[in-house]
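Structural overview for review
Read off the chains here:
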Amino acid sequence: MVATISFWICLLVSSPASGFTGISLRSPFRRAAVSSSAISMVADDAKVCLVTGASRGLGRSIALELGKSGCKVVVNYAASEGPALQVVEEIKKAGGDAIAIKANCGDPSEINAMFDKAVEAFGTVDVLVNNAGITKDGLVARMKPEQWQSVIDINLSGVFYCSQSFFKVASKKRTGRIINISSVVGQFGNPGQANYAAAKGGVLGLTMSNAKEFATRGITVNAICPGFIESDMTGELSPEYLAKMAEVIPLKRLGKPEEVSGMCRFLALDPAADYITGHFFNVDGGIAMGC
Ligand code: NAP
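Residues numbered from 1 in each chain as written. Predicted model: local features only at pLDDT ≥ 70, side-chain atom pairs only at ≥ 80, totals over all residues. Heavy atoms only, no water.

Considerations on the overall build of the chain
Within the chain one finds nine helices and eight strands. Each of the 291 residues in the chain was classed as buried or not, and the buried ones make up 51%. Total accessible area on the chain is roughly 13000 Å²; 57% of this is exposed by carbon and sulfur atoms. (Helix = DSSP H or I, 4+ residues; strand = E, 2+ residues; numbered from the N terminus. Buried < 20%, exposed > 50% of the residue type's maximum accessible area, 1.4 Å probe, protein only. Areas by Shrake-Rupley, 256 points an atom, 1.4 Å probe, with all protein chains shown as cover.)

Considering the confidence of the model for the chain
Overall, the prediction assigns the chain a mean pLDDT of 87, with 84% of residues at 70 or greater. This stretch, residues 1–33, has a pLDDT under 50; its non-local contacts, to residues over four places away or in other chains, come to 78 contacts. (pLDDT = per-residue confidence, 0-100. Contact = heavy atoms within 4.5 Å.)

A look at the packing of helix α4 (residues 108–122) against helix α5 (residues 145–173)
Interhelical geometry of α4 versus α5 gives an angle of 35° and a closest axis separation of 9 Å. Considering only the axes of α4 and α5, their crossing is right-handed. Here α4 contributes P108, I111, N112, M114, F115 and V119 to the contact with α5, which in turn contributes G158, Y161, C162, S165, F166, K168 and V169. Split by residue class, the contact of α4 with α5 holds nine nonpolar, three polar and one charged. (Axes fitted to C-alpha atoms, helices over the stretch in contact; angles between N-to-C directions. Left-handed = near helix turned anticlockwise from the far one by under 90°. Nonpolar A, V, L, I, M, F, W, Y, C, P; charged D, E, K, R; others polar.)

Side note on the nonpolar core
In terms of nonpolar packing, the biggest core is built from 33 residues, with L66, V73 and V75 touching the most fellow members. Ignoring any residue separated from it by four or fewer positions in sequence, one finds L66 in contact with C49, V51, C71, V73, V129, R265, A268 and L269. Counting residues in hydrophobic clusters, the runner-up holds 23 residues, among them V48, V74, A118 and L128. (Core = buried A, V, L, I, M, F, W, Y, C linked by side-chain atoms within 4.5 Å.)

Quick look at the side chain of D137
As for its placement among the helices and strands, D137 is situated in the loop between β5 (127–130) and α5. One buried charged residue, D137, forms no salt bridge at all, with the nearest opposite charge on K136 at 11 Å. Side chain to side chain, D137 and Q193 meet in a polar contact 3.3 Å long. (Lys, Arg positive; Asp, Glu negative; His and termini not counted. Salt bridge = Lys/Arg side-chain N within 4 Å of Asp/Glu carboxyl O. Polar contact = N/O pair within 3.5 Å; in protein donor to acceptor, adjacent residues only side chain to side chain.)

Considerations on the pattern of salt bridges
Counting across every chain of the model gives nine salt bridges. Here R177 and D274 are joined by a salt bridge, their closest N and O atoms 2.3 Å apart. In this pair, R177 sits in strand β6 (residues 176–181) while D274 sits in the loop between α9 (257–269) and β8 (280–283), placing the two residues 97 residues apart along the sequence. By relative accessible area, D274 is classed as exposed at 54%.

Below, the structure is given as structure tokens:
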């Protein structure tokens, strides 16, 4: 049953054939890689939150949630400059402050440069949300080295290098929070997603290892495992597909990005999360329970 459910997640969420991944809302115009406003009403001591892959989907929702909470948000993107700048504007309208920084989270040198720019703009980074992720699905027998490597590079190595850069900033202050966006697929696998499952499962191991290593510096590290979440892309699926998917989820519906970003806000900002580290929080409508 679990395999069946996860297979549907694979088909519906990430199949390139479904057109469900790789959608790029590229801006027709180009600007500098760092963009910000001249005026900000945000408190000087507002938390600085860096969200990777924040131009679209869950990352966008997380960035908006943190911005709405009065934070200074670094909106990272790889290609979708226009949408990233829209997120920046929405955050400012909602009372936060934000800048957009272009960086490929599959490249350690670009990650380092992104943290340097974030510190230059906001003075520090208090919260890191490792959200950027891609899928390049295929059966193991036919998976090309590039399919394997690019998913590992962005979904797993990117989390490692961002965490390493964040640690350099946060360890000096002896406080900080990291939230890694994994997946239920990292918990129970998925046919056609060996690369994605390995990366997302690896993120869970990295979460626990870093939680233990960083605890002495007052930095907590937790993960969120979303199930099947509504997005721009799910909007393109047929109502029949969506109905079939909802049928196998105990709560009988897909999740909303706000439900993931609500959990993220709690782990990132709530004082009650001070004593939580090394844990995984499923936001999945109960799907990971199986039958
Ligand atoms: P999405 O809509 O495809 O958005 C992906 C985001 O990641 C975009 O902002 C994209 O930016 C960014 N990104 C991609 N490659 C990047 C790179 N090399 N460097 C920096 N940013 C990069 O995906 P999503 O559905 O919101 O998923 C977000 C995270 O949640 C992923 O880690 C995914 O695995 C996880 N997740 C999602 C679901 C779900 O149902 N949606 C379920 C479980 C887990 P550009 O547009 O600029 O490329």
